[in-house]
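Architecture and fold: a report
Listed here are the chains, written in short residue letters.
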2 protein chains.
Amino acid sequence: MDININEIARVAGVSIATVSRALNNNGSVKEETRQKIQRIARELNYKPNPIARGLSRKKTDTIGVILPEMVDEFFTEIIRGIDEEAYRTNNYVMVASSYSQRNIVETLLEFMGSGRVDGLILMIPQINDDVSTLIYKSKRPIVLLNNNIKNNKFVSFNINNFQGAYNVVEHLIGHGYQNIAIIQGPEGNIDADERYRGYLQALKNHNLPVQNSLIIPGEFNIKSGYYGFIRLMSQPEKPDAIFTANDMMALGVYEAARTSNIKIPQDVAVVGFDDIFLSRLLSPRLTTIHVPIVELGRKSMRYLLKMINNQVDPKKSYCEELTTGLVIGGSCGCKNSTAPTLF
Amino acid sequence: MDININEIARVAGVSIATVSRALNNNGSVKEETRQKIQRIARELNYKPNPIARGLSRKKTDTIGVILPEMVDEFFTEIIRGIDEEAYRTNNYVMVASSYSQRNIVETLLEFMGSGRVDGLILMIPQINDDVSTLIYKSKRPIVLLNNNIKNNKFVSFNINNFQGAYNVVEHLIGHGYQNIAIIQGPEGNIDADERYRGYLQALKNHNLPVQNSLIIPGEFNIKSGYYGFIRLMSQPEKPDAIFTANDMMALGVYEAARTSNIKIPQDVAVVGFDDIFLSRLLSPRLTTIHVPIVELGRKSMRYLLKMINNQVDPKKSYCEELTTGLVIGGSCGCKNSTAPTLF
DNA sequence: ATTTCAGATGTAAGCGTTTACATTTGCTTT
DNA sequence: AAAGCAAATGTAAACGCTTACATCTGAAAT
């Protein structure tokens, strides 16, 4: 706040232009002068004012991150990935968590319209037309997270939910289970839909019939798992394996199984999706799909920075799907777990 | 980026000064003119450039948050509290998570020196002299989180660890347990120390002897709980109750108890600290101490904003301790749980 | 010795606001 | 009608930086 480029210039006996050039290593400055200016700047503990710089350069070295209200682990890891990359590249991260009361569109506009950020990483449960238009017209680059819109209009990074679901269901099939149930995630939710697709495809590719009685709607929470399980097990055609659309639901399944004295995996196998920390605590350890969230954050950020720096065409759409990994616990019937131990 | 105050002025046929005054509702502007300018601004979808404004006002409406690598839940909730308050007051939040590789002092300097933020919320595991000096000399207000330094130099908001620990241990004493063990948190960690103090004080106030064999050092992780438990139960003087310095450790205790066929709470009672989500999944439900993290974030932010706006003297030290709450599960021996159910 | 030219440096405009100060306007008071 | 005054508006500087353009310097080329 105190000491600025003028002061440096005064002390060094040169003009502010030279100081600016010397400190930014652009333009030509005699080596001797450059050294001197840099020394003085260091001695006076000069920090360029990023606001002034931002005004002049029309660049703030700040990117905005808008995230929905979400599971702790996801939130933390996505931020970690982004922050890591930001730190590496001398950028700053501005967060806005769009908790229930927050108006996404408004927040978005605010972020975009103003010169506060150079770009945006945006994750929204579902994109309506308003938001879509906004994104499309945005003057600053935007990377979408986990929003598998296949319209070739946006830039997005996603977890490959389809592949993950396919793999875990295939794993169940490999065990010989014939009646594999699914407790689905919320309708309209992209993750949920893709996981469901993966489930269907796996059955199909292995010539297993799709049984409607084994397809239970649900939400991404414990309760849905609990009641889904009860519903499944109280009907005549019981499953021999259950794929819950996420780990939280699997938790509910475990709970329901415990109270109804049904053994996992002896009586029924269970697999989840997400590989949340909690799943390690279950007994038997849950077989699930690991999702590389930190990596998702990192990659999105990396790509966004490329867009900002015009290393890729910011107008070109791009879509990347991150591969998930099967984490084998005991809940599928496997003897040898590939899962990390509790500690 | 496109349409600025000059444009508005041009269209309205007034000077930019009048526009500025009209839009900021300060200075005197004829009502009619004000209306007109505001209408035009709205029609042209004008957004003031916060960077330019920042340069002029020397205020960015942005606050920085520096957090250590931490438990997901804590991280998420603290940010939520801060973000909520920021949103309410039209401020922005810049995060820097000081993951292992990040140099705190450097980050701190960067944030402070530059005019990037108006103030800082800072949480660091331990404050050394370097950092302490930095904070003390800072030109911008800083609120410390959970850093119970009693030197009356800083502004800090803390969880009342002492009171929480005291309460939960007293609760155990109320059950009639006489040999209450503690598995401590890491040495030098302020939270851990305070929780230990609370434990000691509770014993003392109820005339129970402090038994060195029942005081086990540890870290805030599952492993420490696990081995701490084994160590406690393999010595001649076994505890009838164990207070683990946090819930993660309690998890380890449960795990160890399970494998050694020791029943909680019949054979030994267990209580934790933090009320993490995980603790709800334990069977019996863990008795623990709830810590108001979101509230901690909210209050810190609120106070920081007051400092920034000079509604409190930013130079005056201030310390607030947030009260924790006892969450009763079954692990202490209670029949009736006060804990929220799983779903 | 003069010209040429690249490298070094300086000057000043601009980025989009806010705001101190100056000026104008129009109403009240005499 | 003149004076006085508050309200309304305008002018221009300032915030701290970057950068286009202008100028200067000195060594190489003639």
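Keep in mind the model is a prediction, meaning the values are calculated, not measured. (Residues numbered from 1 in each chain as written. Chains lettered and ligands numbered in written order. Predicted model: local features only at pLDDT ≥ 70, side-chain atom pairs only at ≥ 80, totals over all residues.)

**A word on the protein's contact with DNA strand D**
Put simply, the rule is: Note on definitions: a residue is near a molecule or strand provided its C-beta atom, placed from the backbone, lies within 6 Å of it. Runs of H or I in DSSP of at least four residues are treated as helices and runs of E of at least two as strands, each being numbered from the N terminus.
For DNA strand D, the set of nearby residues contains 27 residues, the closest of which are Asn 4, Ile 5 and Ala 17 of chain A together with Ala 17 and Ser 28 of chain B. Taken together, the elements giving at least two residues each to the surface near DNA strand D come down to helix 2 (16–24) and helix 4 (50–57) of chain A together with helix 2 (16–24) and helix 4 (50–57) of chain B.

**Thoughts on the interface of chain B and chain A**
We count it as follows: The contact criterion used is a C-beta to C-beta distance within 7 Å, with each C-beta placed from the backbone. All residues other than Ala, Val, Leu, Ile, Met, Phe, Trp, Tyr, Cys, Pro, Asp, Glu, Lys and Arg, Gly among them, are scored as polar; the first ten of these are nonpolar and the last four charged.
Listed by partner, the interface residues are 42 residues for chain B and 42 residues for chain A. For the side of chain B that touches chain A, the elements supplying multiple residues, two or more each, are helix 4, helix 5 (72–88), strand 2 (92–98), helix 10 (222–233) and helix 11 (247–259) of chain B. With 9 residues, helix 5 of chain B is the largest single contributor of residues to the side of chain B that touches chain A. The class makeup of the residues in the side of chain B that touches chain A is 21 nonpolar, 10 polar and 11 charged.

**Topic: the domain arrangement of chain A**
Condition: Here the bounds of each domain stem from an automatic or database domain assignment.
For chain A, the assigned domains read domain 1 (5–48), domain 2 (61–159 + 293–322) and domain 3 (161–291). Placing a centre on the C-alpha atoms of domain 1 of chain A and another on those of domain 3 of chain A gives a separation of 64 Å.

**A short note on the sheet that holds strand 4 (residues 142–145) of chain A**
This is how it is decided: DSSP-based pairing: two strands are paired if at least 2 bridges between them are found. With axes taken as lines fitted to C-alpha atoms, and helix axes fitted only over the stretch in contact, angles between N-to-C directions fall between 0 and 180 degrees.
Here we have 12 strands laid out as an open sheet, ordered 11(A)-5(A)-4(A)-3(A)-1(A)-2(A)-2(B)-1(B)-3(B)-4(B)-5(B)-11(B), and mixed in their pairing. Each having just a single partner strand, strand 11 (318–322) of chain A together with strand 11 (318–322) of chain B make up the two edges of the open sheet. The mean angle between the axes of side-by-side strands here comes to 20°, regardless of whether they run parallel or antiparallel. Of the pairings in the sheet, the one linking strand 1 (residues 62–68) of chain B to strand 3 (residues 119–122) of chain B comprises 4 bridges and is parallel in character.

**Some details on the packing of helix 2 of chain A against helix 3 (residues 31–43) of chain A**
A pair of packed helices can be characterised by two numbers: the angle between their axes and the separation between those axes. All names here are of chain A. For clarity, the cut-off: Note on angle classes: values under 35 degrees are labelled roughly parallel, values over 145 roughly antiparallel, values of 65 to 115 roughly perpendicular, and the remainder oblique.
Relative to each other, helix 2 and helix 3 sit at 85°, their axes nearing to 9 Å. Judged by the angle between their axes, helix 2 and helix 3 are roughly perpendicular. Where helix 2 approaches helix 3, its residues Thr 18, Val 19, Ala 22 and Leu 23 are matched on the opposing element by Thr 33, Arg 34, Ile 37, Gln 38 and Ala 41. Here the contact of helix 2 with helix 3 is built from residues that sort into 5 nonpolar, 3 polar and 1 charged.

**Re the protein's contact with DNA strand C**
Looking at DNA strand C, there are 27 residues lining it, with Ala 17 and Ser 28 of chain A together with Ile 5, Ser 20 and Ala 52 of chain B nearest. Of all the secondary structure elements, the ones that give two or more residues to the surface near DNA strand C are helix 2 and helix 4 of chain A together with helix 2 and helix 4 of chain B. Residue composition of the surface near DNA strand C, grouped by class: 11 nonpolar, 12 polar and 4 charged.

**Focus on the pairing of strand 5 (residues 155–159) of chain A**
Consecutive side chains along a regular strand alternate between the two faces of the sheet. All names here are of chain A. Definition in use: Each residue is classified by how many other C-beta atoms fall within 10 Å of its C-beta atom, where C-beta atoms are placed from the backbone; a count of 20 or more means buried, 12 or fewer means exposed, and values in between mean partly exposed.
When you tally the buried positions in strand 5, you get 5 out of 5 residues, the bulk of the element. Alternating positions in strand 5 separate into two faces, Val 155, Phe 157 and Ile 159 on one and Ser 156 and Asn 158 on the other, with burial throughout. Note that strand 4 and strand 5 share 3 bridges and pair parallel. Opposite Leu 144, over in strand 5, you have Ser 156 as the bridge partner. As paired elements, strand 5 and strand 11 share 5 bridges and run parallel to each other. When the sheet's bridge partners are listed, Val 155 is paired in strand 11 with Tyr 318.

**Section: the nonpolar core**
Our working definition: When buried Ala, Val, Leu, Ile, Met, Phe, Trp, Tyr and Cys residues are joined through C-beta atoms within 7 Å, the set is termed a nonpolar core.
Residues Ile 121, Leu 172 and Ile 242 of chain A together with Ile 121, Leu 172 and Ile 242 of chain B are the most contacted members of the largest nonpolar core, which totals 171 residues. In contact with Ile 242 of chain A, other than residues within four places in its own chain, are Ala 181, Ile 183, Phe 229, Leu 232, Val 253, Val 268 and Val 270 of chain A.

**Some details on the relation of the copies chain B and chain A**
Our working definition: Least squares is the method for superposing the copies, and the C-alpha atoms it fits come from residues with pLDDT of at least 70 in both.
For the pair chain B and chain A, the superposition axis carries a translation of 0.0 Å, the fit reaches an RMSD of 0.1 Å, and the rotation angle comes to 180°. Both copies are brought into coincidence by an operation consistent with a two-fold rotation axis. Considering only C-alpha atoms, the residue of chain B closest to the rotation axis is Met 94 of chain B, which sits at 2.1 Å. Take the interface residues of chain B: 100% of them recur as interface residues in chain A, which is what a same-surface contact looks like.

**Topic: the sheet that holds strand 9 (residues 269–271) of chain A**
All names here are of chain A. Taken in spatial order, the 4 strands of this open sheet run 7-6-8-9, and their pairing is parallel. Looking along the sheet, the strands with just one partner apiece sit at the ends: strand 7 (215–216) and strand 9. Pairing between strand 8 (residues 241–244) and strand 9: 3 bridges, direction parallel. Note on strand 9: the bridge partner recorded for Ile 242 is Val 270. Relative to the sheet, helix 10 (residues 222–233) contacts strand 6 (180–183), strand 7 and strand 8, its axis offset from that of strand 6 by approximately 145°.

**Let's talk about unusual backbone geometry**
Only a minority of non-glycine residues have a phi that is not negative, and only a minority of peptide bonds are not trans. Look at the link from Ile 264 of chain A to Pro 265 of chain A: it is a cis peptide, with omega at 5°. Mapped onto the elements of the fold, Pro 265 of chain A is located in the loop between helix 11 (247–259) and strand 9. Of note, the amide linkage connecting Ser 283 of chain B to Pro 284 of chain B takes the cis form, showing an omega dihedral of 0°. Its place among the elements puts Pro 284 of chain B in the loop between strand 9 (269–271) and strand 10 (288–290). Backbone geometry at Lys 58 of chain A places phi at a positive 60°, although glycine is not the residue there. Mapped onto the fold, Lys 58 of chain A is located in the loop between helix 4 and strand 1 (62–68). Residue Asn 207 of chain A is not a glycine yet carries a positive backbone phi of 55°.

**Notes on the environment of Val 268 of chain A**
Residue and element names in this part refer to chain A. One can find Val 268 in the loop between helix 11 and strand 9. It is 53 Å that separates the C-alpha atoms of Val 268 and Asn 310, two residues lying 42 residues apart in sequence. Apart from residues lying up to four places away in sequence, Val 268 is in contact with Pro 239, Asp 240, Ala 241, Ile 242 and Ile 262.

**Topic: the pairing of strand 6 (residues 180–183) of chain B**
Residue and element names in this part refer to chain B. Residues Ile 180 and Ile 182 of strand 6 are buried on one face, and the alternating residues Ala 181 and Ile 183, pointing to the opposite face, are buried as well. As paired strands, strand 6 and strand 8 (residues 241–244) are joined by 4 bridges and run parallel to one another. Bridging from a neighbouring strand, Ile 182 pairs with Phe 243 of strand 8. In the sheet, strand 6 pairs with strand 7 (residues 215–216) via 2 bridges, with the strands oriented parallel. By the bridge assignment for strand 7, Ile 183 is matched with Ile 216.

**A few points about the packing of helix 10 of chain B against helix 11 of chain B**
Residue and element names in this part refer to chain B. What counts here: A crossing counts as left-handed when the near helix is turned anticlockwise from the far one by less than a right angle, and as right-handed when that turn is clockwise.
The geometry of helix 10 relative to helix 11 is characterised by a closest axis approach of 6 Å and an angle of 45° between their N-to-C directions. In this view, helix 10 runs oblique relative to helix 11, as classed from their interaxial angle. In this structure, helix 10 crosses over helix 11, and the sense of that crossing is right-handed. On the side of helix 10, the interface is formed by Ile 222, Lys 223, Ser 224, Gly 225, Tyr 226, Gly 228, Phe 229 and Ile 230, while helix 11 contributes Met 248, Met 249, Ala 250, Leu 251, Gly 252, Val 253, Glu 255, Ala 256 and Ala 257. Of the residues contributing to the contact of helix 10 with helix 11, the split by class is 11 nonpolar, 4 polar and 2 charged.

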